[in-house]
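One-letter residues, chain by chain:
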Amino acid sequence: MLEFTVMDSEYADDTGLVFGDRATAARMAPKVNAHFARWGMEVHEKKPEDRKVKTLVLFCAAPPSEYQDPATFDGADLSDIELPSGNVVPVVDRAKYLGSMLGRDGTDRLDVEARIAAATRTFGSLSTLVFKSASVSPAAKREAYVALVLAILLYGCEGWSLTAALWGKLRSFHHRCARSMCRITMWHVREHRITAASVLKVLGLRNIETYVCRRQLQWAGHVARMGPGRLPRQLLSSWCGRPRPVGRPEMTFGATLEAALTFAGVEVDGWMELAQDREGWRQVINGIWDVEQEIEVHEILERRAGVV
């Protein structure tokens, strides 16, 4: 068994540092800023006149059962961290990193909601000219929707831990867009008993589970083929050696990945060995298109993890 610690995440000029408590963050912030300055880089500190700032401290809370007073996190100090320069680093409850929204509770709810909002804006901007136009064929609408709207909606979904509630939000958006492209209102749905599956079939679209699971399995296979010393590979097969907190288990990426494997008809045991064959794994992913599956992924999640 190999023990390792995740201290930071770096990509281009975006860096995320992990500190165990506020005191450590306050002590290290000036040192980090000075270190980057030595290399000719400037960390954006919030000045009194600034309304926006790029450098933030995201306080990630423990599960509510860990606190005697969950409302105040046992009186945690969430004020801005002051720097020797007179500027501050704001302590926030949400932050964007590499295009994804991170929340205080550690779930993917904020990110899913942000992706739905961004995809809604894109769909709305093209609605009149493309998606609701009678002169545009269903096939053309489908291609535009997959290339533009779904690409925005599912950005970063490879690492999502999806509960049934989040699946419901994604499914609702997908069905709503499909009805709009077919110029079907809820009155038509109720009056003529139109099902979501029939609308998707007209457009040649699959259910949202298919698109999400394909992306998750594609990324999982890529990580599985990495060397054992690579951090993504270590995180994929690692666990925290701490007792589980009181309460029902939180939804994990492992449970979501198991659901995607089950959705694709792949045995959970031994999937990493199967993924070592790049071409064979590609056939597994492409095989999801070949079978119309009515199974709901959130039902798999409920059976495997007991999480709704």
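About the criteria used
- Residues numbered from 1 in each chain as written.
- Predicted model: local features only at pLDDT ≥ 70, side-chain atom pairs only at ≥ 80, totals over all residues.
- Heavy atoms only, no water.
- Salt bridge = Lys/Arg side-chain N within 4 Å of Asp/Glu carboxyl O.
- Helix = DSSP H or I, 4+ residues; strand = E, 2+ residues; numbered from the N terminus.
- Buried < 20%, exposed > 50% of the residue type's maximum accessible area, 1.4 Å probe, protein only.
- Core = buried A, V, L, I, M, F, W, Y, C linked by side-chain atoms within 4.5 Å.
- Contact = heavy atoms within 4.5 Å.
- Pairing = 2+ DSSP bridges.
- Arc of directions from axis to C-beta.
- Axes fitted to C-alpha atoms, helices over the stretch in contact; angles between N-to-C directions.
- Parallel < 35°, antiparallel > 145°, perpendicular 65-115°, else oblique.
- Nonpolar A, V, L, I, M, F, W, Y, C, P; charged D, E, K, R; others polar.
- Phe/Tyr/Trp six-rings, centres within 6.5 Å; stacked < 30°, edge-to-face > 60°.
- pLDDT = per-residue confidence, 0-100.

Asker: I would appreciate a short explanation of the pattern of salt bridges in the present structure.
Answerer: Side-chain pairing between opposite charges can occur once the charged atoms of the two side chains come close. Per the counting criterion, the structure on display carries seven salt bridges. A salt bridge links Arg 94 to Asp 93, with the shortest nitrogen-to-oxygen separation between them at 3.9 Å. Two residues, Glu 113 and Lys 169, come together in a salt bridge whose shortest N-O distance is 3.8 Å. With Glu 113 in helix H2 (residues 109-131) and Lys 169 in helix H4 (residues 164-181), this residue pair connects regions lying 56 residues apart in the sequence. Residue Lys 169 is classed as partly exposed on the basis of its relative accessible area, which comes to 36%. Via salt bridges that share partners, Arg 109, Glu 113 and Lys 169 belong to a single interconnected network.

Asker: Could you clarify how one ought to interpret the nonpolar core in this entry?
Answerer: Generally speaking, a soluble globular protein has its nonpolar side chains buried in company with each other. Among the nonpolar cores identified, the biggest contains 30 residues, and Tyr 145, Leu 153, Leu 154, Leu 162, Leu 170, Phe 173 and Ile 208 are the most heavily contacted of them. Among the secondary structure elements, those contributing two or more residues to this core are H2, helix H3 (138-153), H4, helix H6 (196-203) and helix H7 (208-224). Here this core takes seven residues from H4, the largest share from any one element. Once residues within four sequence positions are removed from consideration, Phe 173 is found in contact with Ile 116, Ala 119, Thr 120, Tyr 145, Val 149 and Leu 153. Residues Ala 220, Leu 257, Leu 261 and Ala 275 belong to the second largest nonpolar core, which totals 17 residues.

Asker: Honestly, the pairing of strand E8 (residues 100-103) in this entry has me stumped. Any pointers?
Answerer: The side chains of a regular strand alternate, residue by residue, between the two faces of the sheet. Bridge analysis of strand E7 (residues 94-97) against E8 gives four bridges, and the strand direction is antiparallel. Its bridge partner being in E8, Arg 94 is matched across the sheet by Gly 103. Here E7 folds back onto E8 in antiparallel fashion, the turn holding two residues, of which Leu 98 has a positive phi close to 55°.

Asker: Can you walk me through H6 in this structure?
Answerer: An α-helix turns once every 3.6 residues. As a result, residues three or four positions apart point the same way. Among all positions of H6, only Val 199, Leu 200 and Leu 203 are buried. Down the axis of H6, the buried set is contained in an arc of 100°. They therefore lie on one face. Across from the buried face of H6, at angles greater than 90 degrees, the exposed residues are Lys 201 and Val 202. Tucked into the core, H6 has its buried residues touching H3 and H4. A positive backbone phi angle near 75° is found at Gly 204, which sits one or two residues after H6.

Asker: It is not clear to me how the packing of H7 against helix H9 (residues 253-263) should be interpreted in this structure. Could you clarify?
Answerer: Working note: a packed helix pair is described by the angle between its axes plus the distance between those axes. Where H7 meets H9, the closest approach of the two axes is 9 Å, and the angle between their N-to-C directions is 110°. With respect to their mutual orientation, H7 and H9 come out roughly perpendicular. Packed against H7, whose contacting residues are Glu 209, Thr 210, Cys 213, Gln 216, Leu 217 and Ala 220, the element H9 presents Thr 256, Leu 257, Ala 260, Leu 261 and Phe 263 at the interface. Taken together, the residues of the contact of H7 with H9 break down into seven nonpolar, three polar and one charged.

Asker: Got a minute to help me understand the packing of aromatic side chains in this structure?
Answerer: On inspection of all chains with the given rule, the structure shows six aromatic pairs. Here the aromatic rings of Phe 123 and Tyr 145 are separated by 6.4 Å at their centres, their planes lie at 85°, and the arrangement is edge-to-face. You can see Phe 123 sitting in helix H2 and its partner Tyr 145 sitting in helix H3, a full 22 residues away along the chain. Under the relative-accessibility criterion, Phe 123 is labelled buried at 8%. When its relative accessible area of 0% is taken as the criterion, Tyr 145 is described as buried. For the ring pair Trp 271 and Trp 281, a centre distance of 5.8 Å and an interplane angle of 35° mean the geometry is tilted. Of the two residues, Trp 271 is situated in helix H10 (residues 271-275) and Trp 281 in helix H11 (residues 278-286); the sequence distance between them amounts to 10 residues.

Asker: Looking at this structure, I do not really get the confidence of the model for the chain. What am I missing?
Answerer: Interpreting fine coordinate detail is not advised for predicted regions of low pLDDT. When pLDDT is averaged across the chain, the result is 88; 93% of the residues are at 70 or more. Scored below 50 in pLDDT, residues 291-295 makes eight contacts in the model with residues more than four places away or belonging to other chains.

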